[in-house]
Amino acid sequence: MYVILLGPPGCGKGTQSKRLIERLQIPHLSTGDMLRQAKKAGTPLGLKVAECIDQGKLVSDELIMDLVAERIQQSDCRAGCLFDGVPRTIAQAESLDVMLGKNGVSLAHVFELVVDQEELLRRMLERAKVEGRADDNEETIRRRMEVYATETRPLVDYYRQRGKLRTVEGIGTPDEVFQRIANYLAG
Ligand code: ADP
């Protein structure tokens, strides 16, 4: 089963991703993780994207979709995967539809985690203190939230129009939130 987890920085995508891939027994395709690995390894790709990541800007659609194309052709993704952090723009969503279509498959669900702005900011600043991720400082966090609002939020309508959108309230314990996701899987 191919599923997308969609939502702004701090919405709990990481936490719910772990539970979801375990439940569905599918690989986790996180573009954020892939890019951070490339950055850490200092590969040519890593050097190219480092500045974007650290400033909270988006990496180019072309580069991202090349990464995704390569990953979904691997045999472990043949029966499905969880897309986390991608798509982030309408262009990426269209491109993903084409890629999956070529493989004769399609998305089953797009889960949108909904959390209010105030709670998001609170969680992100807390995470910045605890984890110390290079792009978790107040300025970059605000930038990423703006980018989400302008570039990624339109995907909600894109997937709603295609009958794929599953809205999930992201407030509550991680187990409570996951139960809401699981309800859609059962139904
Ligand atoms: P977040 O914690 O905000 O959900 P991620 O861990 O998914 O962020 O990604 C971190 C950074 O990697 C983003 O701010 C962006 O610079 C880059 N990135 C990740 N996925 C994409 C994508 N699909 N398109 C463009 N840039 C991306």
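Residues numbered from 1 in each chain as written. Predicted model: local features only at pLDDT ≥ 70, side-chain atom pairs only at ≥ 80, totals over all residues. Heavy atoms only, no water.

Student: Can you walk me through the site of the ligand in this structure?
Tutor: Looking at the ligand, there are 20 residues lining it, with Thr31, Arg36, Lys57, Gly85 and Gln92 nearest. A distance of 2.8 Å separates a nitrogen atom of the ligand from a polar side-chain atom of Thr31. Gly85 places a main-chain nitrogen or oxygen 2.9 Å from a nitrogen atom of the ligand. For the ligand, the protein covers 95% of the area, taking 550 Å² as the surface of the free molecule. Elements with a minimum of two residues in the shell around the ligand: α2 (31-41) and α3 (44-55). Here the element with the most residues in the shell around the ligand is α2; it accounts for four residues. (Near = heavy atom within 4 Å. Polar contact = N/O pair within 3.5 Å; in protein donor to acceptor, adjacent residues only side chain to side chain. Areas by Shrake-Rupley, 256 points an atom, 1.4 Å probe, with all protein chains shown as cover. Helix = DSSP H or I, 4+ residues; strand = E, 2+ residues; numbered from the N terminus.)

Student: Got a minute to help me understand α2 in this structure?
Tutor: Residues spaced three or four apart along an α-helix face the same direction, because each turn holds 3.6 residues. Within α2, the full set of buried residues consists of Thr31, Gly32, Leu35 and Ala38. Within α2, the buried residues cover an arc of 130° as seen down the axis, which keeps them to one side. Projecting away from the buried face of α2 at angles above 90 degrees are the exposed residues Gln37, Lys40 and Ala41. Of the surrounding secondary structure, the elements contacted by the buried residues of α2 are β2 (28-30), α3, α4 (61-72) and β3 (81-84). Trailing α2 by a residue or two, Gly42 shows a phi angle of about 65°, which is positive. (Buried < 20%, exposed > 50% of the residue type's maximum accessible area, 1.4 Å probe, protein only. Arc of directions from axis to C-beta. Contact = heavy atoms within 4.5 Å.)

Student: Is there a simple way to explain the nonpolar core in this structure?
Tutor: For soluble globular proteins, the rule of thumb is that nonpolar side chains tend to be buried together. Judged by nonpolar contacts, the single largest core of 30 residues is most densely connected at Ile4, Leu35, Val68, Ile72, Phe83, Leu107 and Tyr159. Elements with a contribution of two residues or more to this core: β1 (2-6), α3, α4, β3, α5 (90-102), β4 (107-114) and α8 (154-161). The dominant element in this core, judged by the number of residues it contributes, is α4, at six residues. When sequence neighbours within four positions are dropped, the list of residues in contact with Val68 reads Leu29, Thr31, Phe83, Val86, Leu96 and Met99. Judged by nonpolar contacts, the second largest core, of 19 residues, contains Leu5, Leu20, Ile26 and Leu82. (Core = buried A, V, L, I, M, F, W, Y, C linked by side-chain atoms within 4.5 Å.)

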